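Report on the structure
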Amino acid sequence: MKWLKFLLFISFASAAQAQMIKSGPQVLSFHSDVDDTEQPYTCYVPKNYNPKKSYPFVVMLHGAGSNHRLAMRRVFGKSNFEGENDVEASLYFPEWKDVEYIVATPLARGTMGYQGVAEKDVWDMIADVKSRFSIDPDRTYLTGLSMGGGGTLWLGLTRPDFWAAIAPVCPAAPAGVEKYIGNAFNYPVHFFQGGADPVVKPEGTRKLVEDFKSAGSQVEYVEYPGVLHDSWVNAYDNGNVFTWFSKFKRNPYPEKVKLSTAMHKYNTAFWLKIEDFKKGNTAKIEAGFEGKNNLVIKTENVDAFSLDLTNHPSFSPKQKVTINVDGQVLSFAELKAGHVISRSGSSWQVIEIETPGLRKTSGSEGPMFEVVSDRHIYVYGTGGNPGKDELARRQAVAQKAAEWSYSRGDFLGRVMVFPRVLSDREVRPNDIERSHLVLFGTAKTNTLIAKFGDQLPMELKEDKLETNGLAYVFPIGKKYVLVNSGLPWWEHKVQNNHPFAALSSPLPAGNLAAFGDWVLFEKDKPEALSASSFNKNWKISPEDAKKLKSTEAVILK
């Protein structure tokens, strides 16, 4: 009898869960750790959704000046009706043909591209969708238009083992995407482009297509003659993109993997991970099986890598492993978790993964822009017994840095990021544990700079505070601090000639994307006195140290 009651309870609970899930387009939200806000996204749930089934999943990224609600309409081929503007079209969802897909479209803070905070939002949204619905990890797809097409390239290429296929539409490619093109080796890419597009020029997309082909990717390209910057009307018409996606399924254990990266943050694809690489270069590795437990690997600018071959059909943990790395053959009885293949001079050797000390790794590598790509707090100092006016001035500097959500006009709108501004006295231990800190001032004026002083690598001289600015990032515990002494970093004007620079994070935070780990500058001088990055051990190279000392503006510790 007890078992019968239990089964009835489970049955009623399952029915209640099914009733709670509404079908069709709807707006959901997730909690963002960036600024403790609820971030909206639109989600489409197919009719008769069954949580016992696993569903294919499409992520759709909106373009500039658009939003999550419009993006859902677009991917289902629903343009604005005649005489209807975007504001009016955002108010409702028209009827469309049901598809057996879960579809999600993030707001991603508005118009800021899909790097930094917006990039994190997309992954947070994906995690939220996967927590709510039954998603097939081998049938997960990515598409987007214009700015969202660029985001499709960026998110698709930096996490190449996540997607089964991607479909960028008239993509406004972000800066740096060219370093990752080789990663699209294990999934197909379908480009769509208007032949008369005045915004995203067809010549640029054609070149991208050729670059992908040269890298060995499976590429399809459709160009619509005479079509302007609205090729998504054609690309998404009649559910075409869902039909195309349905042809492809991810292989979680490919026989061959290609991986390129310029950051530890993006150092993994399938069973291959780049553990260390040469500073300032794009690291590249190509690895493939040539028989059971026999791999051939080629590297470029790679100093160490590891393999996780658990469950790979071409790997047996009980047999000898042979690896040919750049022509050198390594053989060993077994390949264990924790083994790293490391370069020593011109040869390779297998070593145990060492617990790193102060070393650049994923989540602890800089550059300064990484500080404002996640949860962070702007902190002004109260040290030195400042008067009312001086304290207000310090607070105003921090407040200026935190101004993400200002109007950039009707089209670009506001970037909806709301970081906190605190005094050094208001920062709690929990804040230090959870947040990157942007610290303004010096050890004399900011108690947190003083607190971390013995760990920090440099400081601006007292007599240079009015004429120079120094900003640098440094890891403290599991988080970063960004110290800005003297002039604020945004007073050093840096010209960004990338055609879609206006889509990136707004000033002043967006200025940080132009720098590495530090910048030292002089007032009204266009060239930085020093702008570079720490080495892999978070040390200043002898060449950079010499240049910094020659400025007579900083003290190196």
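Before any of the text, the structure's been laid out above.
What you see is a predicted model, and the numbers here were worked out from it, not measured in a lab. Numbers given to residues run from 1 along each chain, matching the order in which its sequence is written. A pLDDT threshold of at least 70 governs which residues receive local features in this predicted model, and a stricter bar of 80 or more applies before side-chain atom pairs are shown or counted, although totals over entire chains, interfaces and linings include all residues. To obtain the side-chain values, all non-hydrogen atoms of the structure were included, while hydrogens and water were left out.

Considering the overall build of the protein
So the rule is basically this: Where helices and strands are cited, they refer to DSSP runs of H or I of at least four residues and of E of at least two residues respectively, numbered from the N terminus. For a compact globule the rule gives 2.2 Å times the number of residues to the power 0.38, and the radius of gyration it is set against comes from C-alpha atoms. Partly exposed residues are those whose accessible area sits between 20% and 50% of the maximum for their type, while under 20% is buried and over 50% is exposed, using a 1.4 Å probe and protein chains only. Should any heavy atoms of two residues lie within 4.5 Å, those residues are considered in contact. Computed with a 1.4 Å probe, the accessible areas rest on the Shrake-Rupley method; for each residue, only the protein chains presented here act as cover. The charge count treats Lys and Arg as positive and Asp and Glu as negative. His and the chain ends do not count. Lysine's charge is taken at NZ, arginine's at CZ, aspartate's at CG and glutamate's at CD.
Along its length, the protein carries twelve helices and 27 strands. The C-alpha radius of gyration of the protein comes to 26 Å, within 12% of the 24 Å expected for a compact globule of 557 residues. In the protein, which comprises 557 residues, the proportion classed as buried is 54%. In the protein, the proportion of contacts linking residues at least 24 apart, taken out of those at least 6 apart, comes to 64%. Surface accessibility of the protein: about 25,600 Å² in total, with carbon and sulfur atoms responsible for 51%. For the protein, the distance from the average position of its 66 positive side-chain charges to the average position of its 63 negative side-chain charges is 4 Å.

A few points about the sheet that holds strand 15 (residues 321–325)
For clarity, the threshold we go by: The criterion for strand pairing is that DSSP finds at least two bridges linking the strands in question. Here, axes are lines fitted to C-alpha atoms. For helices the fit covers the stretch in contact, and angles between N-to-C directions go from 0 to 180 degrees.
Ordered by their spatial adjacency, five strands build an open sheet running 9-12-13-15-16, and the pairing between neighbours is mixed. Strands with a single pairing partner mark the edges of an open sheet, and in this sheet they are strand 9 (256–261) and strand 16 (328–332). Going across the sheet, the axis of each strand differs from the next one's by a mean of 15°, ignoring polarity. Where strand 9 lies against strand 12 (residues 283–289), six bridges are found, and the strand directions are antiparallel. Of the residues in strand 12, the one forming a bridge with Val-257 is Ala-287.

Focus on helix 2 (residues 68–75)
The following threshold applies: Whenever two N or O atoms come within 3.5 Å, that pair is a polar contact, provided that in protein one can donate a hydrogen and the other can accept it, and provided that, for residues adjacent in sequence, both atoms are side-chain atoms.
The element helix 2 is extensively covered by neighbouring structure, given that seven of its eight residues are classed as buried. Considered for burial, the residues of helix 2 that qualify are His-68, Leu-70, Ala-71, Met-72, Arg-73, Arg-74 and Val-75. Its side-chain oxygen 2.9 Å from the backbone nitrogen of Arg-69, Asn-67 forms the N-cap of helix 2. Where helix 2 terminates, the next one or two residues include Gly-77, which has phi positive at roughly 80°.

What to know about the pairing of strand 8 (residues 218–224)
Our working rule: Looking down the strands as they point away from you, a crossover is right-handed if its path from the first strand over the helix to the second goes clockwise.
Summarising the sheet, strand 7 (residues 188–194) and strand 8 pair through seven bridges and their orientation is parallel. Paired with Phe-191 across the strands is Tyr-221, a residue of strand 8. Remark: the strand 7/helix 6 (residues 202–214)/strand 8 crossover connection has right-handed handedness.

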